[in-house]
Amino acid sequence: MVGESIASVVVISMRIITKFIGFQDSDHGRSLHTSTLVYFCMTLAILLCGFIVQHYIKRHPLVRKYYQPGLKRTPVAYIPGDGIPDVMEENASGTLRRILSDEDDTTATGPQHSEQDIARTDQSTTLWLRLKDGITKRLRLLKLMWKWALAISLNYLITLLMFPALLTKVPQVTCWGDWTPIILIAIFSYTELVGKVLGPNLSPYVSASHILVMVGARLVLLPLLILCIMPFESPILDTGNSEIAFFLAMLIGFSSGLLSSIAMSRGPTEVAERDKELAGMIMVFSLLAGLTIGAWIAVGPSEALSTGAVQETMTCLTDEGHP
C-alpha cells in the first residue's frame, strides 16, 4: 500500500515540475510543448530505473531461493468433506507425498485416507465442489475479520466520495489560480503517504471497534468540503485563499492512509498463520470493492457540481453583457 502512495507522490511531483516549467514561459503553446516533453522524459527515466532495479533484485540470494525452491507443491487431490483440497508434495526425486490439510486430524481419531483413495477420489472431483469449499473457507475467515474488511472498504468508499470528485471542484481563487487543484492533490498524496507509513506502528493500539468508529467519523469531512464549493458564486467556507480546503485535503489524505494501513495490517492477524495469505486476499478484495462502489457513487455529485459550475459561469457572463 505504501508503494501505491509513493507512485502517486511521484506523479504529482512530476506534475508540479512540469507545471512550474510551463508557468515560467509566457508563450502558452511553447510552454505546453516543453512541459509535455519533460513529463515524458521523466516517465521514461523512471521506467528505465525500474527495469534496472528489477534486474538486480532477481539476482538477490533471497529472491533466487524462492525462484528455485527445493520442493514443489501442487494441488492434485481432493477429499470430499474435508473442506480444503489436499496438497501433494513433490521432492527432487519425483516422489509424491500427501500433505494433510489442517482440518484433518492426524491422530488416530481423525479420518485417514490412503494414496489409493486419493487417486480414486481425485478423478471424481468436480469444479463445483472445489468452488463450494473455496467459498466456505473464505466465509469462515471473513467471520473472523469482517470488522477490518468492512473498515477498509468503507474507508476507501468515503475517500472516493471526496477525492478527486469533490476536492478538485474547489474554486480556483485569485491567489493560487489554476495551481489550486494541483496543490490540493499534492497535499492529499503527501499526507496519505505519511499516514500509511505511520499506520503499522499505531495498529497495535487500535481495536476493530475503534477503527469502525474512526472511519465513520470521516463522514464529517464530506459536508465541510461541500461548503468549500457551494454556492459556486461565494462558497460558505471560502476564506479567499482556500486555507480551509487545504486543511481538509490534509485531513482527508492523512486519515485515509492511516486507517487503511491499520486495517490492512491488522486484518490478517485475526486468523491462523496458515490462512494469512488468503486473509490478505480478502482484505484486498474489500479494498477494491470500496474503491469501485465509492467511484460509482461519486459520479453523480461530481457531474452535478460540474453542471452547476458551468451554469453559474454562463449566468455570470450573461449578467456582464457577454454573448
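Everything discussed here concerns the structure shown above.
What comes next is a walk through the structure. Being a predicted model, the structure only gives us computed values, none of them experimental. Counting restarts for each chain, with residues numbered from 1 along the sequence as it is written. In view of the model being predicted, local features appear only for residues whose pLDDT reaches at least 70, and side-chain atom pairs are presented and counted only at 80 or more, with totals across whole chains, interfaces and linings using the full set of residues. Values reported for side chains reflect all heavy atoms of the structure, with hydrogen atoms and water molecules removed beforehand.

Quick look at the overall build of the chain now. Helical segments are the DSSP runs of H or I of at least four residues, strand segments are the runs of E of at least two, and each set is numbered from the N terminus. A count of helices and strands for the chain gives ten helices and three strands. When the helices and strands of the chain are read in sequence order from the N terminus, they spell out α-α-α-β-β-β-α-α-α-α-α-α-α. Think of it in three bands: residues with accessible area under 20% of the maximum for their type are buried, residues over 50% are exposed, and the middle band is partly exposed, with areas taken using a 1.4 Å probe on protein chains only. Every one of the 323 residues in the chain was classed for burial, and the buried ones make up 34%. Here a residue-residue contact requires only that any non-hydrogen atoms of the pair lie within 4.5 Å. Restricting the contact set of the chain to residue pairs at least 6 apart, pairs at least 24 apart contribute 71%. All accessibility values rest on the Shrake-Rupley procedure with a 1.4 Å probe; residue burial counts only the protein chains present in the view. With an accessible surface of roughly 19,300 Å², the chain has 68% of that area assigned to carbon and sulfur atoms.

Here we take up the packing of aromatic side chains. Aromatic pairs are defined between Phe, Tyr and Trp rings, using the six-membered ring for Trp, whenever the two ring centres lie within 6.5 Å; interplanar angles under 30 degrees are classed as stacked, those over 60 as edge-to-face, and all others as tilted. Taken as a whole, this structure holds two aromatic pairs when the rule is applied. When the ring of tyrosine 39 is compared with that of phenylalanine 40, the centres are 6.0 Å apart and the planes differ by 90°; the resulting orientation is edge-to-face. When the ring of phenylalanine 163 is compared with that of phenylalanine 188, the centres are 3.8 Å apart and the planes differ by 15°; the resulting orientation is stacked. A residue pair is termed long-range when its members are at least 10 positions apart, and phenylalanine 163 in the loop between helix H5 (127–162) and helix H6 (180–202) and phenylalanine 188 in helix H6 qualify at 25 residues. One exposure class covers both phenylalanine 163 and phenylalanine 188, and it is buried.

Here the focus is the side chain of serine 256. Within the secondary structure, serine 256 is located in helix H9 (residues 243–266). Beyond its immediate chain neighbours, meaning those up to four positions away, serine 256 contacts Asn155, Thr159, Glu192 and Arg218.

The step from phenylalanine 163 to proline 164 runs through a cis peptide bond, and the omega angle for that step is 0°. In this structure, proline 231 follows methionine 230 across a cis peptide bond, with omega equal to -10°. Structurally, proline 231 can be placed in the loop between helix H8 (221–227) and H9.

Below, the discussion takes up the pattern of salt bridges. By definition here, a salt bridge exists when the distance from a side-chain nitrogen of Lys or Arg to a carboxyl oxygen of Asp or Glu is within 4 Å. Inspection of every chain in the model, using the stated rule, returns six salt bridges. Residue aspartate 275 pairs with lysine 137 through a salt bridge whose shortest N-O separation is 3.3 Å. Here the residue aspartate 275 occupies a position in the loop between H9 and helix H10 (276–319), and lysine 137 occupies one in helix H5, the gap between them amounting to 138 residues. Given the relative accessible area of 17%, lysine 137 is considered buried. A salt bridge links arginine 274 to aspartate 275; its shortest N-O distance comes to 3.9 Å. Look at arginine 274 and you get partly exposed, because its relative accessible area is 46%.

When we look at burial in helix H7 (residues 208–217), the residues that qualify are Ala208, Ile211 and Val215. Across the axial projection of H7, the buried residues extend over an arc of 60°, all falling on one side. Packing partners of the buried residues in H7 comprise H5 and H9. Read the arc as the range of directions from the helix axis to the C-beta atoms.

For any two helices packed against each other, one specifies the inter-axial angle together with the distance between the axes. Helix axes are fitted only over the stretch in contact, all axes being lines through C-alpha atoms; the angle between N-to-C directions runs from 0 to 180 degrees. Remark: H7 packs on H9, axes separated minimally by 11 Å, with the N-to-C direction vectors making an angle of 155°. In terms of orientation, H7 and H9 fall into the roughly antiparallel class. The crossing of H7 and H9 is left-handed. Contact residues: H7 offers Ile211, Met214 and Val215, while H9 offers Leu259, Ile262 and Ala263. Roughly parallel means an angle under 35 degrees; roughly antiparallel means over 145; roughly perpendicular covers 65 to 115; every other angle is labelled oblique. Two helices crossing with the near one rotated counterclockwise from the far one by less than a right angle form a left-handed crossing, whereas a clockwise rotation gives a right-handed crossing.

Before going further, it helps to spend a moment on a nonpolar patch on the surface. The patches described consist of residues with a relative accessible area above 30% and no salt bridge, like charges being joined within 9 Å and nonpolar side chains (Val, Leu, Ile, Met, Phe, Trp, Tyr) within 5 Å. On the surface, Trp128, Leu131, Ile135, Leu139, Leu142, Trp146, Leu150 and Leu154 cluster together into a nonpolar patch covering about 760 Å² of accessible area. Along the chain, the position of leucine 131 falls in helix H5.

Here we come to the side chain of serine 260. For serine 260, the position within the fold is in helix H9. Owing to a relative accessible area of 0%, serine 260 belongs among the buried residues under this scheme. A distance of 2.7 Å separates a polar atom in the side chain of serine 260 from the backbone oxygen of serine 256. Not counting residues up to four positions away in its chain, the partners in contact with serine 260 are Met1, Ile152, Asn155, Tyr156 and Lys196. Definition of a polar contact: a pair of N or O atoms within 3.5 Å, with one able to donate and the other able to accept a hydrogen when the atoms are protein atoms, and with sequence-neighbouring residues admitted only if both atoms are side-chain atoms.

Moving on, we come to the environment of proline 204. Here proline 204 shows up in the loop between H6 and H7. A sequence separation of 61 residues divides proline 204 from serine 265, and the C-alpha atoms of the two residues are 9.5 Å apart.

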